[in-house]
Amino acid sequence: MTYIDECKDGLSSCHQNASCINTPGNYACLCNAGFTGDGQWCAVCPREFREFNNSCYQYVSAGQGWANASNTCTAQGGHLATITSEDEKAVLVEFLAEHAHPSERVWVGAKYYDDKWHWVTGEDFQVDHFYVGQRVPYRPKYQYMFICVASQFWCNGPQNATQPFICEAERQDRHPQ
Ligand SMILES: [Ca+2]
């Protein structure tokens, strides 16, 4: 009986962030410390998301209404992006500059009700970067927040507007707060 060392012979399908462990007749892939996955895929962010300045974001260019966009993010293990610090605001500006077209309006995870804005995650709404006159819905049904990529300002619109969006997910190597 001949043993093949799939690890040594480069025959394994382990992800670049995994270690290959040779076993008789087979091999196993184990994610390295700090990464999570099944060995074929090991990352700090869930699939579909990419790491960007220590966070996990995904830019979805195929436009959807706000509610569908929100569901799409949830189905992938995240939520529409929430902006809860000046740092995160800056990170998202950078992320959008890399992915979105300047003319685009991009949904994020805030909704207006009970006379104020709420993040979909329930995080405190503290950072404020609304465009002049946009902090209160421009029209009664304009209860959904988007970012104007060119100006970086926050604006509000109706949920059926078809726009690209940003999803955010927790890093898998950290415990969610
Ligand atoms: Ca966030």
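Keep in mind that what you see is a predicted model, and the values were worked out from it rather than measured.

Caption draft 1: Structural context of helix 1 (residues 66-75). Buried residues of helix 1: W66, A69, S70 and C73, and no others. What you see down the axis of helix 1 is that its buried residues fit within an arc of 100°, all on one side. Where helix 1 is buried, its residues meet strand 6 (55-64), strand 7 (79-80), strand 8 (105-113), strand 10 (144-148) and strand 12 (163-169). Just downstream of helix 1 lies G77, where phi reads positive at about 90°.

Caption draft 2: Spotlight on the environment of E88. Among the secondary structure elements, E88 is positioned in helix 2 (residues 86-99). C-alpha of E88 to C-alpha of R139: the two residues are 51 residues apart in sequence and 28 Å apart in space.

Caption draft 3: Region of the structure containing the nonpolar core. With 35 residues, the main nonpolar core has W107, V108 and C167 as its most contacted residues. Secondary structure elements with two or more residues in this core: strand 2 (26-31), strand 4 (42-43), strand 6, helix 1, helix 2, strand 8, strand 10 and strand 12. Lining this core are residues from two domains, each supplying at least three of them: domain 1 (1-43) and domain 2 (50-169). Setting aside residues no more than four positions away along its own chain, V108 makes contact with L80, A81, I83, M145, F146, I147 and I166.

Basis of the calculations
- Residues numbered from 1 in each chain as written.
- Predicted model: local features only at pLDDT ≥ 70, side-chain atom pairs only at ≥ 80, totals over all residues.
- Buried ≥ 20, exposed ≤ 12 C-beta atoms within 10 Å, placed from the backbone.
- Helix = DSSP H or I, 4+ residues; strand = E, 2+ residues; numbered from the N terminus.
- Arc of directions from axis to C-beta.
- Contact = placed C-beta atoms within 7 Å.
- Core = buried A, V, L, I, M, F, W, Y, C linked by C-beta atoms within 7 Å.
- Domains from an automatic or database assignment.

From the geometry alone we can't say anything about function, so treat these as descriptive.
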